[in-house]
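# Descriptive analysis of the structure
Read off the chains here:
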Amino acid sequence: MLHTNDVRIALNLAAASDGWEIVRWLDDRTLRRREMKEYVTLPETGERVAIVPDGFFSLARGRDIYHYFIEADLATVVGLSSKSGRRDWARKVRAYLAYYQSGQYAKRYKAQSFRVLTVTTGTGRLENLRHITEEIGGRSIFWFTTYEALSEQSNIAAPIWSVANREGQSALI
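Below you will find a few notes about this structure. Quantities reported herein were computed from a predicted structural model and do not represent experimental measurements.

### Thoughts on the pairing of strand E6 (residues 115-120)
- With five of its six residues buried, E6 lies for the most part within the structure.
- Sheet topology places strand E5 (residues 64-72) next to E6; five bridges connect them, and they run parallel. Residue pairing in the sheet places Glu 71 in a bridge with Thr 118 of E6.
- When E6 meets strand E7 (residues 142-146), the two strands line up parallel, connected through five bridges. Bridging from a neighbouring strand, Val 119 pairs with Thr 145 of E7.

### Quick word on the pattern of salt bridges
- In total, this model carries six salt bridges according to the counting rule given.
- Glu 38 is the salt-bridge partner of Arg 108, the closest N and O atoms lying 3.8 Å from each other. On the criterion of sequence distance, the pair formed by Arg 108 in helix H4 (residues 104-109) and Glu 38 in strand E2 (residues 38-41) is long-range, its members being 70 residues apart.
- In this structure, the salt-bridge partner of Glu 134 is Arg 130, at a minimum N-O distance of 2.9 Å. Taken together, the residues Glu 134 and Arg 130, both in helix H5 (residues 123-135) and four residues apart, mark about one turn of the helix.
- Given a relative accessible area of 25%, Glu 134 falls into the partly exposed group.

### Side note on the sheet that holds E6
- Spatially, E1-E4-E5-E6-E7-E8-E9 is the arrangement adopted by the seven strands of the open sheet, whose pairing is mixed. At either margin of the open sheet sits one strand with a lone partner, and together these are strand E1 (21-27) and strand E9 (169-171). Neighbour to neighbour, the strand axes of the sheet diverge by 35 degrees on average, direction disregarded.
- Bridge count for E7 against strand E8 (residues 159-163) is two bridges, and the pairing is antiparallel.

The rules we used
Residues numbered from 1 in each chain as written. Predicted model: local features only at pLDDT ≥ 70, side-chain atom pairs only at ≥ 80, totals over all residues. Heavy atoms only, no water. Buried < 20%, exposed > 50% of the residue type's maximum accessible area, 1.4 Å probe, protein only. Helix = DSSP H or I, 4+ residues; strand = E, 2+ residues; numbered from the N terminus. Pairing = 2+ DSSP bridges. Salt bridge = Lys/Arg side-chain N within 4 Å of Asp/Glu carboxyl O. Axes fitted to C-alpha atoms, helices over the stretch in contact; angles between N-to-C directions.

Here you go:
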């Protein structure tokens, strides 16, 4: 996906300017492979769903290392559907929450925790996704920004991220 590559380039440039390095990057093509897919059961419905992010990366400097999933949102997915079982943003958030609670990610990605970074088309869409995330119990593992803000940042410490259940803008590091 072209937008995922744009996110990757912007993050690489920003990280390098602050002495950070992206030490591992898995693209959506890799993550969609059968052997890479992980499944969780949603506690609310008992539905089994796959975790298939648009990307995954690890950011490191010295002994510090952070792990992130990427969601490149083009506003093509419904935020909150009235139909049960429909693939919408709310279902994706529930799946990530179940994945976080299961601890499966620790084994797969050798990570103690993770964040879900969502890059989207504009501030209106960002606020809608953030609101839905918070309404269904999404926590501070969910971070949001726009493609425009990401492309304009010059370092990884730029406060361009809106975090679920947190006021103001935050820096990734």
